[in-house]
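Report on the structure
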Amino acid sequence: MTAPFSSPRPAFPGPAYEAPGRRPSAAPAFPGHPAPLEALPRDAAGCAGLWRLAAALALAERLDALGEDGAALARAHPFLAAYREAAEQAAPGLAAARWPARLAAWERGADPAPPLARAAGALGLSGAQRLALALAALPGDDSRFAGLFADLQGPAGPRAPTAETLARLLGMDEADAPRALTAPLLAAGLLEPTDPDLQRAERPLRMPDALRDAAQGVTLAGGAGAGSDAGDAPRMTRPGDA
């Protein structure tokens, strides 16, 4: 199995994502417990879970576009199919390119607005940038994505996506796309490099843990931490788990 993103950019068609600086084209009870989008709670955890599904779907669709190399990756990481099924149950027939606009409308019905929605509005993030943020968060949300990204970016590829990988997953092939996509996210502290000593183009990107917790509505009351009763800890069900 070859690593598709370790070679020159493939010429697969890009979806109609809202790219930075452009107008969009016209046109759990979460993961693990699929339900129609409108039935999901309009809170921080609901928002984070739906963006996770959107990112997983975008990744699955990119693997489809890579032909046999992508199919081999999908076979090597069968858990991705469960995410795709959960996304289909949440929003039947909705392609990943249309999820950002659909989720933005869903978020407008939340009161209070989820933390990620407030941050996106304050920073003027595009749909593509929000998907890039969700894609970079995947390995921290579900460690199985770390292995998928390593295989995608190999040999011995990083276990989190680089800016170039994020741009390519979103079908953005312009030379400045990686910088335009991720610079506002890095400047705002929504993303951080896992290894700042690497060359900029080679740095894997991740969502900081504190931001991930806030985005998911996780609070540790009373200083709860490593010594807390495990029964009180938040639990997350992952698509594909038994």
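For the structure, see preceding data.
Below you will find a few notes about this structure. (Residues numbered from 1 in each chain as written. Predicted model: local features only at pLDDT ≥ 70, side-chain atom pairs only at ≥ 80, totals over all residues. Heavy atoms only, no water.)

The subject of this paragraph is the packing of helix 1 (residues 44-65) against helix 7 (residues 144-153). Here helix 1 crosses helix 7 at 30°, and the two axes come no closer than 13 Å. Accordingly, the angle class assigned to the pair helix 1 and helix 7 is roughly parallel. The handedness of the crossing between helix 1 and helix 7 comes out as left-handed. Here Ala-56, Leu-59 and Leu-63 of helix 1 come into contact with helix 7, specifically with Phe-145, Leu-148, Phe-149 and Leu-152. Tallied by class, the residues present in the contact of helix 1 with helix 7 amount to seven nonpolar, no polar and no charged. (Axes fitted to C-alpha atoms, helices over the stretch in contact; angles between N-to-C directions. Helix = DSSP H or I, 4+ residues; strand = E, 2+ residues; numbered from the N terminus. Parallel < 35°, antiparallel > 145°, perpendicular 65-115°, else oblique. Left-handed = near helix turned anticlockwise from the far one by under 90°. Contact = heavy atoms within 4.5 Å. Nonpolar A, V, L, I, M, F, W, Y, C, P; charged D, E, K, R; others polar.)

The terminal C-alpha atoms of helix 1, which comprises 22 residues, lie 32 Å apart, in line with the 32 Å expected from a rise of 1.5 Å per residue. Counting buried residues along helix 1, 19 of its 22 residues qualify, which places the element largely inside the surrounding structure. Once helix 1 finishes, Gly-67 follows within two positions and takes phi at roughly 70°, a positive value. (Expected span 1.5 Å × (residues − 1). Buried < 20%, exposed > 50% of the residue type's maximum accessible area, 1.4 Å probe, protein only.)

Right, let's talk about the pattern of salt bridges for a bit. Under the criterion given, the structure shown has twelve salt bridges. Ionic pairing is found between Asp-64 and Arg-84, a salt bridge with its closest N-O pair at 2.4 Å. In this pair, Asp-64 is assigned in helix 1 and Arg-84 in helix 3 (residues 79-90), connecting sequence segments 20 residues apart. Asp-64 sits in the partly exposed class, given a relative accessible area of 47%. A salt bridge links Glu-192 to Arg-206, with the nearest nitrogen and oxygen atoms 2.2 Å apart. Of this pair, Glu-192 sits in strand 1 (residues 192-193) while Arg-206 sits in strand 2 (residues 205-206), and the two are 14 residues apart along the sequence. Residue Glu-192 is classed as partly exposed on the basis of its relative accessible area of 29%. Via salt bridges that share partners, Arg-52, Asp-141, Glu-192, Arg-206, Asp-209 and Arg-212 belong to a single interconnected network. (Salt bridge = Lys/Arg side-chain N within 4 Å of Asp/Glu carboxyl O.)

Take the packing of aromatic side chains next. This model, assessed by the stated rule, comprises three aromatic pairs. Ring centres of Phe-79 and Tyr-83 lie 6.1 Å apart, and the angle between their planes is 80°; this geometry places the pair in the edge-to-face category. Remark: Tyr-83 and Phe-79 occur in helix 3; sequence separation between them is four residues, near one turn of the helix. In this pair, the class of Phe-79 matches that of Tyr-83, namely buried. Taken together, a centroid distance of 4.9 Å and an interplanar angle of 85° make the contact between Phe-79 and Phe-145 edge-to-face. Placement of the pair is Phe-79 in helix 3 and Phe-145 in helix 7, with a sequence separation of 66 residues. We note that Phe-79, like Phe-145, is buried. Through pairs of rings, three or more aromatic residues link up here, namely Phe-79, Tyr-83 and Phe-145. (Phe/Tyr/Trp six-rings, centres within 6.5 Å; stacked < 30°, edge-to-face > 60°.)

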